[in-house]
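Listed below, chain by chain, are the residues.
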Amino acid sequence: MKTEARTDRKAFVTLRFAGDDLDPQEISAILPVAPTRAHRKGEAFVAGQHAGKLRGRTGIWFLATDKLVRSDDLGDHLDFVRDLLYPKPSDVSRIMKLRDILERAHSRAHITCFWRGDPGETAPQIPAGFKSAIKRLAADIEMDFAV
Amino acid sequence: MQRQRSRILWTNPGNPPGSVARALGMGPRHFSRALHKIKAASDLSDADRVVIYSDGLVTDAQGEPLGNLHDED
């Protein structure tokens with residue numbers, strides 16, 4: 001059975017911390033997951049076999065959930081991000097540390113939600129609990145939904 | 001050199017039409033997913049303008065390379 005991510009995955013979420021002064025290693029010291037991409041501003045990184053080596057336009061710590069969560073349900077991907085930020089519902093230690101780094105590095109947190117529905121399918125909603133959970137990060141949520 | 005031979009398929013903000021995915025030999029969902037990831041990983045929003053070339057290269061509006069759609073599985 002093929003184990004890599006499917007190319008037709010319907011849903012995933014991305015989480016990123018970005019800013020010119022951001023050192024992504026500081027984020028990696030808090031979040032127990034390997035980022036999909038991380039580099040400082042101006043740092044060279046390999047973007048892939050075809051793209052080759054590129055230079056960071058800004059400092060970034062970027063995570064896409066499509067290879068981590070094997071589900072087409074957007075809610076499962078949002079749950080993964082929420083659990084990453086809050087190891088327990090009442091544990092705000094990671095969020096507070098992240099907020100401190102973002103403030104110090106004049107950086108921002110962003111979340112994007114990707115979803116492609118089948119004909120006639122209703123687009124998912126972002127649960128109020130998730131919106132409330134990320135409020136402490138002042139993260140914006142961008143939705144890329146289409147049928 | 002490769003880029004000089006490639007042609008521009010798309011140079012607008014937002015989601016490109018299915019014809020761009022077809023020109024690259026990609027399924028529409030795979031293409032959308034790859035473009036979404038390249039933009040997000042470059043700290044761009046869906047509304048930001050990018051340029052897509054026939055070899056899969058994606059650049060920002062200033063021509064700075066962001067990634068290649070064929071690298072995103």
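Residues numbered from 1 in each chain as written. Chains lettered and ligands numbered in written order. Predicted model: local features only at pLDDT ≥ 70, side-chain atom pairs only at ≥ 80, totals over all residues.

Novice: Break down the sheet that holds strand β5 (residues 59–64) of chain A for me, citing the residues and quoting the values.
Specialist: Residues and elements named next belong to chain A. Pairing in this open sheet of five strands is mixed, and the strands run β2-β5-β1-β6-β7 from one edge to the other. Two strands bound the open sheet, and with one partner strand each, they are β2 (37–39) and β7 (140–146). Direction aside, neighbouring strands of the sheet carry axes that sit 15° apart on average. Bridge count between strand β6 (residues 108–116) and β7: seven bridges; the pairing is parallel. (Pairing = 2+ DSSP bridges. Helix = DSSP H or I, 4+ residues; strand = E, 2+ residues; numbered from the N terminus. Axes fitted to C-alpha atoms, helices over the stretch in contact; angles between N-to-C directions.)

Novice: Which residues make up the interface of chain A and chain B, and what are the values?
Specialist: The partner chain B presents 22 residues to the 27 residues of chain A that form the contact. Within the residue set of the side of chain A that touches chain B, elements represented by two or more residues are β1 (11–19), β5, β6 and β7 of chain A. (Contact = placed C-beta atoms within 7 Å.)

Novice: If you had to explain the nonpolar core to someone new, which residues and values would you point to?
Specialist: Counting residues in hydrophobic clusters, the biggest one holds 47 residues, and the most contacted among them are V58(B) and L69(B). Apart from the residues within four sequence positions on either side, L69(B) is in contact with L24(B), M26(B), F31(B), A34(B), L35(B), I38(B), G56(B) and V58(B). (Core = buried A, V, L, I, M, F, W, Y, C linked by C-beta atoms within 7 Å. Buried ≥ 20, exposed ≤ 12 C-beta atoms within 10 Å, placed from the backbone.)

Novice: Provide a residue-level description of the sheet that holds strand β4 (residues 65–68) of chain B, including the pertinent values.
Specialist: All names here are of chain B. Strand order across the open sheet formed by four strands is β1-β2-β3-β4, with antiparallel pairing between neighbours. The open sheet has two edge strands, β1 (8–10) and β4, and neither has a second partner. Within the sheet, the average angular offset between the axes of one strand and its neighbour, ignoring direction, is 30°. In this structure, strand β2 (residues 50–53) lies alongside strand β3 (residues 57–60), joined through three bridges in antiparallel fashion. Of the residues in β3, the one forming a bridge with I52 is V58. Contacting β2, β3 and β4, helix α3 (residues 28–41) runs over the sheet at an angle of about 150° to β4.

Novice: Outline the confidence of the model for chain A, listing residues and values.
Specialist: A low pLDDT score tells you not to read the predicted coordinates there in detail. Confidence in the prediction for chain A averages 93 pLDDT; 94% of positions are at 70 or higher. Low confidence marks residues 1–5 of chain A, where pLDDT is under 50. Its contacts with residues over four positions away, or in another chain, come to four contacts. (pLDDT = per-residue confidence, 0-100.)

Novice: I'd love a proper account of α3(B), names of residues and values included.
Specialist: All names here are of chain B. With 14 residues, α3 ought to run about 20 Å at 1.5 Å a step, and its terminal C-alpha atoms sit 20 Å apart, in line with that. Of all the 14 residues making up α3, 10 are buried; the element is thus mostly covered by neighbouring parts of the structure. Residues of α3 that are buried include every one of F31, R33, A34, L35, H36, K37, I38, K39, A40 and A41, and no others. Remark: D43 follows α3 within two positions and exhibits a positive phi of approximately 60°. (Expected span 1.5 Å × (residues − 1).)

Novice: Before we move on, can you summarise the environment of H36(B) with the specific residues and values?
Specialist: Residue and element names in this part refer to chain B. By the secondary structure assignment, H36 is in helix α3. A tally of 23 C-beta atoms within 10 Å means that H36 is categorised as buried. Counting along the chain gives 33 residues from H36 to L69, while the straight-line C-alpha distance between them is 9.9 Å.

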